[in-house]
Structures are given as C-alpha cells and as structure tokens.
Number of protein chains: 2
Amino acid sequence: MERIEHRACAGGWQDVYRHQSVTLGCAMNFAIYLPPQAEHGPVPVLYWLSGLTCTEQNFITKAGAQRYAAEHGIAIVAPDTSPRGDDVADDAAYDLGKGAGFYLNATQAPWANHYRMYDYVVTELPALIEARFPVSQARALSGHSMGGHGALVLALRNPGRYRSVSAFSPIVAPSQVPWGEKAFNAYLGPDQADWQAWDATALIAHATERLPLLVEQGLGDEFLEKQLRPTLLQTACDAVGHPLQLNLRPDYDHSYYFIASFIGEHVDWHARALHA
Amino acid sequence: MERIEHRACAGGWQDVYRHQSVTLGCAMNFAIYLPPQAEHGPVPVLYWLSGLTCTEQNFITKAGAQRYAAEHGIAIVAPDTSPRGDDVADDAAYDLGKGAGFYLNATQAPWANHYRMYDYVVTELPALIEARFPVSQARALSGHSMGGHGALVLALRNPGRYRSVSAFSPIVAPSQVPWGEKAFNAYLGPDQADWQAWDATALIAHATERLPLLVEQGLGDEFLEKQLRPTLLQTACDAVGHPLQLNLRPDYDHSYYFIASFIGEHVDWHARALHA
C-alpha cells in the first residue's frame, strides 16, 4: 500500500492511497480523510460511494465534507467506482464498465473477472482500513446517484454491519430504470430474478433490520423522473413500515453543488449514530 | 450577457455568465454566487481572484465558500484569470499568457492588445455586476497565489474602493521572484521601475490608506520559499506600520484543500467589513 497524496485539510489529513486489490485483481486508489481526533485514538468511518464516471477524487475535492468530519471526529473513506487498469473490461459508454461498477459482483463475461465492487467495499476495503489506520469498527455508509444505490444496497444486505446509511440522489430501483437495466443486464444477465438482490427498493420488503434511511433528492435533478424515482423507495418503505426520511429539495440538481449544500447535515446524521 | 450555468447551492444560486468584454476585447466567463438574501435586497460583493491555470470554475467547485456567503448574505464574483479566445496571444508555459493574466495592464507586444485584467477587474466587471445584479457597491477582494497578488495590488492601488482585502498564499513581491519576473518582463518590459506599481510589497511604502491585510499562508506550501516569500510583505508592512495579519499554518500546502480549510474565516473577516 502506497500513499500517493498527503494534504493538510481542516485540521486533519486528506490522503490518497494505492493498493493491490485481491478481490478486484487490479491496483486501486482510495481516499481517506483522517480528522485531528485520529491522532489520539480510533475514530469511526463513513464510507462514501461515488457516482457514474467518478474516481476517488470527486468527493474529496468538491463536497467540502472534511470540515464536518473534523468537527465530529469521523474518518471518511472514498473508494474508486470500478476496477481499473488496461486488462479490465470496459465499454465506450459512461454508464457501463470503468467508472460504473454499480457496487455489485458481476456474474457475466467479460465482467465477472474484475467487477466485484460489492465484495471490495463490504469486505476487503474495511479490513484494510481497520488494520492499517487509527479507526474503530463503527461504520457508516453514504453515496451519490450510483453510489447512493450502492450505499442503500450494501446497508440493506448487511444488517448490523453499518450504524447508519444515507444517500444523495440515489438510483433507488435500478431494476426499473434505464441506467440499472443496462448495467444489470450486462453484469448479471437477463434474468431479472437475479437483479432483486441488488435493488434497494426490492430489498426493503425482506429487510430484517429497520435501519433508518436518509435520502436527499433535488427536485431540479435532471435524472429525477427517468433514473432516480425516489417515490418507488418511499412506497416500498411505507408498505412494510421501514423508516425513511426523504428530503425533497426544490431547485437542486444532480451536481456536487447539491451534495456540498447538504453534506453537513448528513455528516451530523451519521455522527449521531457513530458516536451513540 | 448570457447565463450558461444556474445551480441551486447553499440556499442561493451559483451561476456562470458569459459576456463580451470591451476592456479585454474577447468573450469572458465569470461566476457569481447569489446568496438567499439577494432575493430581498442588494448584498455586498466579494471578488475572488484565482491563481495560475485557473478559470472561473476552480473556486466555485472546490473552495466550499458558498455556505459561508449564504450565512453572511454576501455575493461572490469569480472572474477568469486572463483574456481568452483564438486571437488572444498565448505562451506554451502555464505561467504566461492564457490562465496567467497577473491582474495587470500589459504594455508590451504581443500582450498589450488583450491583457488588461486590471482594468477589467477593477472597473468593467464591477460596473456590469452592479448594473445587472441585486448587489450594493460594498466590495471586498480576496484571491489565491497569482490572485492573492492581484487582490493585494488592486486594493493598494485603489484606496476607498474596497472595504476589505485578504489573500491565500499570495505572490507578495512579484518583482523579486521567478513567476513575477517572467510575467513582468513579458507584459511590462525589462524596466523594473515599471514593475513597482504592480508589486504589493513595493506599494505598501506609498499606501495612503491603511487597509488591514489578512494573509493566509501554509508552511507546507511547495512554492513558499521560491515564489511567495510572505516575510517580504511583513517587513514592508512593519517598516511603515501597515496593519497585516499573517497567519502561518503548519503543514498546509498550495492546494484548494488549504483554501477550503480557511475560507470560512476569510468570509467572516470580509463580512465584518462589508456589513459594518
């Protein structure tokens, strides 16, 4: 594991590391923000999952989350969004292949070899983080768009593993929208029964843990009606009594200006659970 | 004037406009953040001047200043760093020509035609902003690196025009460092007497207004000793009793992680002067 960036930020350090991932079979970058409190003992970790086309850089340069993490004594880990490298399968489109891992384990050729972002984010990365950095095993999850989908799915599939979960502009029902249909067809094959394990709206019905969901959605989001459709999640939650706080924000779009505007409130939400 | 970006942010709007500049003889982009208070009456304006290689985008996407501007009811205007377009002279180096206007009026060929960022930022841009947006004539100045130089020089040359000035990692004495020597030779010619009017450290001795300077400098800045040299400004201020608050911050580098870490304190500083 090699540290490739090291920058003082908000009283702590915004670092980027590169390591060889066994799960993904390639070298991966991840970002970690260590707040000043990490110098005095282990701190909890918020994992941030980014959206389509992103790398580990987008969140750390644009969201302005570090000052809130420093206030609350929380580390933030932001992985890349897919396996990387010349021998990793790719597609010319922005919404398939590199930059579009969808936080699942692919079963179909040519993707199955490397596209295992679910195992990477749930298992390999936290094991590495918890072995090598001054952090506790208190974990939280958040993410944006494709990464909001990832945060919700990872939390719903792993009861007890995360103290809290939130999402910005998530793809709440990938089985029912074009981005998800395209990716799931490629990565998982055409049998839609296999898609349900990777769809937050479908998973709600079977959730054994009623972990409250915090979802932030801009009403000026250009992808709202076609790709995101938060009311599908709302309906699924209402049907089984799963707690959901869905904040619909007039005017806000799909960009990091939206994330930066509300990331402080989300870090507060996670801090309450992580320090409880 | 055409609005080319319009994004909800921190309760207000982060916009980008494109207009034809008479001073520069080319089309220019500028960013303007309008806080929620601008819907109810005129708000003061902080002008932000960016550093080498930047456009109007860097500050608005990376500094996280909007939430502080929204708290204090301040608009922020961020212009581009040089004239632009195919018929504007340029140089292959990053520190001359496009992206490197140095906030001066060039006198030498081939630069004199378009490189008049001083007149643009001091006169044309505020006239446009004050005519077309809900802002008052209370103005403040800040900037980073080359833009920190610009902020200090513009304030020192225009007593009474700005309520407050601050700078991050400024080139305080361009006449004495490689970045400034190269640019001033090209834009102003070899006579160093002509450089003094564009050098904050030189201007301090003749300042007729004792406007307090707030300067933020990281001690981990890779350009500190060769290009920035804040102690030259400190010495000049001490010699004449010009008020300077020079904050030297251990570990911080030249990046936007530094700016993002302290921009809130700078907006506070400007807010006190703008709302006084």
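Note that this is a predicted model, so its numbers are computed, not measured.

1. Some points on the side chain of S145 of chain B
All names here are of chain B.
Part 1 of the argument: Looking at where S145 falls in the secondary structure, it is placed in the loop between β6 (135-143) and α4 (146-157).
Part 2 of the argument: A relative accessible area of 3% places S145 in the buried class.
Part 3 of the argument: Other than its neighbours up to four places away in sequence, S145 contacts F168, S169, P170, I171, W179, L228 and H254.

2. Digging into the sheet that holds strand β3 (residues 26-34) of chain B
All names here are of chain B.
Part 1 of the argument: Across the sheet, 9 strands lie side by side as β1-β2-β3-β5-β4-β6-β7-β8-β9; this open sheet has mixed pairing. Each edge of the open sheet carries a strand with a single partner, namely β1 (2-9) and β9 (244-249). The mean angle between the axes of side-by-side strands here comes to 20°, regardless of whether they run parallel or antiparallel.
Part 2 of the argument: Across the sheet, helix α3 (residues 117-132) lies against β2 (12-21), β3, β4 (43-49), β5 (75-79) and β6, angled at about 55° from β3, the strand it touches most.
Part 3 of the argument: Packing against the sheet, helix α8 (residues 230-240) makes contact with β8 (213-218) and β9, and its axis sits at approximately 155° to β9.

3. Focus on the packing of aromatic side chains
Part 1 of the argument: All told, the structure shown has 32 aromatic pairs over all chains when counted by the stated rule.
Part 2 of the argument: Relative to F133 of chain B, the ring of Y17 of chain B has its centre 5.1 Å away and its plane inclined at 80°; by these criteria the two rings are edge-to-face. One end of the pair, Y17 of chain B, is in strand β2; the other, F133 of chain B, is in the loop between α3 and β6, with 116 residues separating them in the sequence.
Part 3 of the argument: Ring centres of Y252 of chain B and F262 of chain B lie 5.0 Å apart, and the angle between their planes is 70°; on these two criteria the pair is classed as edge-to-face. One end of the pair, Y252 of chain B, is in the loop between β9 and α9 (256-274); the other, F262 of chain B, is in helix α9, with 10 residues separating them in the sequence.
Part 4 of the argument: When its relative accessible area of 9% is taken as the criterion, Y252 of chain B is described as buried.
Part 5 of the argument: Chaining the aromatic ring pairs together yields one cluster made of W48, F59, F168, Y252, F258 and F262 of chain A.
Part 6 of the argument: Over the aromatic face of W198 of chain A sits the side chain of R157 of chain A, whose NZ or CZ is 3.9 Å from the ring centroid.
Part 7 of the argument: Over the ring of Y68 of chain B we find R67 of chain B; its NZ or CZ atom is 5.1 Å from the centre of that ring.

4. Considerations on the sheet that holds strand β1 (residues 2-9) of chain A
Residues and elements named next belong to chain A.
Part 1 of the argument: The sheet built from 9 strands is open, its strands ordered β1-β2-β3-β5-β4-β6-β7-β8-β9 with mixed pairing. The sheet terminates laterally at β1 and β9 (244-249), the two strands that pair on one side only. On average, adjacent strands in this sheet sit at an angle of 20° to one another, irrespective of strand direction.
Part 2 of the argument: Both strand β6 (residues 135-143) and strand β7 (residues 164-168) contribute to a ladder of 2 bridges, which runs parallel. Bridge pairing links A140 to S164 in β7.
Part 3 of the argument: Sheet contacts for helix α4 (residues 146-157): β4 (43-49), β6, β7 and β8 (213-218); angle to β6, the most-contacted strand, approximately 130°.
Part 4 of the argument: Across the sheet, helix α8 (residues 230-240) lies against β8 and β9, angled at about 155° from β9, the strand it touches most.

5. A short note on unusual backbone geometry
All names here are of chain A.
Part 1 of the argument: Cis geometry is adopted by the peptide bond preceding P110, which originates at A109 and carries an omega value of 0°.
Part 2 of the argument: Despite not being glycine, A10 has its phi angle at roughly 50°, a positive value.
Part 3 of the argument: You can see A10 is positioned in the loop between β1 and β2 (12-21).
Part 4 of the argument: Overall, A10 belongs to the buried group, its relative accessible area being 18%.
Part 5 of the argument: Positive phi values are uncommon outside glycine, yet D251 reaches one of about 80°.
Part 6 of the argument: For D251, the position within the fold is in the loop between β9 and α9 (256-274).

6. Digging into the interface of chain A and chain B
Part 1 of the argument: With 20 residues of chain A in contact, the opposing surface of chain B contributes 20 residues.
Part 2 of the argument: For the chain A and chain B pair, buried surface summed over both sides reaches about 1,800 Å², with 54% attributable to carbon and sulfur atoms.
Part 3 of the argument: When the buried area of chain A at its contact with chain B is split by residue, R7, A8 and Y257 of chain A rank highest and sum to 36% of it.
Part 4 of the argument: Counting across the chain A and chain B interface gives 2 salt bridges.
Part 5 of the argument: A salt bridge links R7 of chain A to D253 of chain B; its shortest N-O distance comes to 2.9 Å.
Part 6 of the argument: Viewed at the interface, chain B and chain A are joined by 10 residue pairs in polar contact (both at pLDDT 80 or more).

7. Topic: the pairing of β7 of chain A
Residues and elements named next belong to chain A.
Part 1 of the argument: Counting buried positions along β7 gives 5 out of 5 residues, so the element sits mostly inside the fold.
Part 2 of the argument: Because side chains alternate across β7, one face comprises the buried residues S164, S166 and F168, and the other comprises V165 and A167, equally buried.
Part 3 of the argument: Of the crossover connections in this fold, the one passing from β6 over α4 to the parallel β7 is right-handed.
Part 4 of the argument: Looking at chain direction, β7 and β8 are connected through 4 bridges and run parallel.

8. Quick look at the relation of the copies chain A and chain B
Part 1 of the argument: Rotating chain A by 180° and translating it 0.0 Å along the rotation axis places it on chain B, where the RMSD comes to 0.0 Å. Both copies of the chain, as the preceding transformation shows, are related through a two-fold rotation axis. Residues of chain A ranked by C-alpha distance from the rotation axis are headed by K62 of chain A, positioned 2.5 Å from it.
Part 2 of the argument: Mapped onto chain B, 100% of the interface residues of chain A are again interface residues, and the two copies thus contact each other with one and the same surface.

Definitions and cut-offs
Every chain's residues receive numbers from 1 upward, in the order its sequence appears when written. Working convention: letters from A go to chains and numbers from 1 go to ligands, in the order in which they are written. Local features in a predicted model are, by the rule used here, given only for residues with pLDDT of at least 70; side-chain atom pairs are given and counted only at 80 or more, and totals for whole chains, interfaces and linings are based on all residues. The basis for the side-chain values is all heavy atoms of the structure; hydrogens and waters are excluded. The secondary structure listing takes helices from DSSP runs of H or I that are at least 4 residues long and strands from runs of E that are at least 2 residues long, numbered from the N terminus. Exposure categories follow from relative accessible area, calculated using a 1.4 Å probe and restricted to protein chains: below 20% of the type maximum is buried, above 50% is exposed, and the middle band is partly exposed. We call two residues in contact whenever any of their non-hydrogen atoms come within 4.5 Å of each other. By the convention used here, strands pair only if DSSP detects at least 2 bridges between them. The angle between two axes is taken between their N-to-C directions and runs from 0 to 180 degrees, where each axis is a line fitted to C-alpha atoms and a helix contributes only its stretch in contact. Working definition: a ring pair exists when centres of Phe, Tyr or Trp rings (six-membered ring for Trp) sit within 6.5 Å. Plane angles under 30 degrees give stacked, over 60 give edge-to-face, the rest tilted. Only when the NZ of Lys or the CZ of Arg is both within 6 Å of the ring centre and within 35 degrees of the ring normal is a charge said to sit over the ring. Buried area adds together the accessible area that both of two parts lose upon being put together, with accessible area traced by a 1.4 Å probe. Salt bridges are identified by distance alone: a Lys or Arg side-chain nitrogen within 4 Å of an Asp or Glu carboxyl oxygen. Whenever two N or O atoms come within 3.5 Å, that pair is a polar contact, provided that in protein one can donate a hydrogen and the other can accept it, and provided that, for residues adjacent in sequence, both atoms are side-chain atoms. The definition of a right-handed crossover adopted here requires that, viewed with the strands pointing away, the path from the first strand over the helix to the second runs clockwise. All copies are superposed by least squares; the fitting set is the C-alpha atoms of residues with a pLDDT of at least 70 in both.

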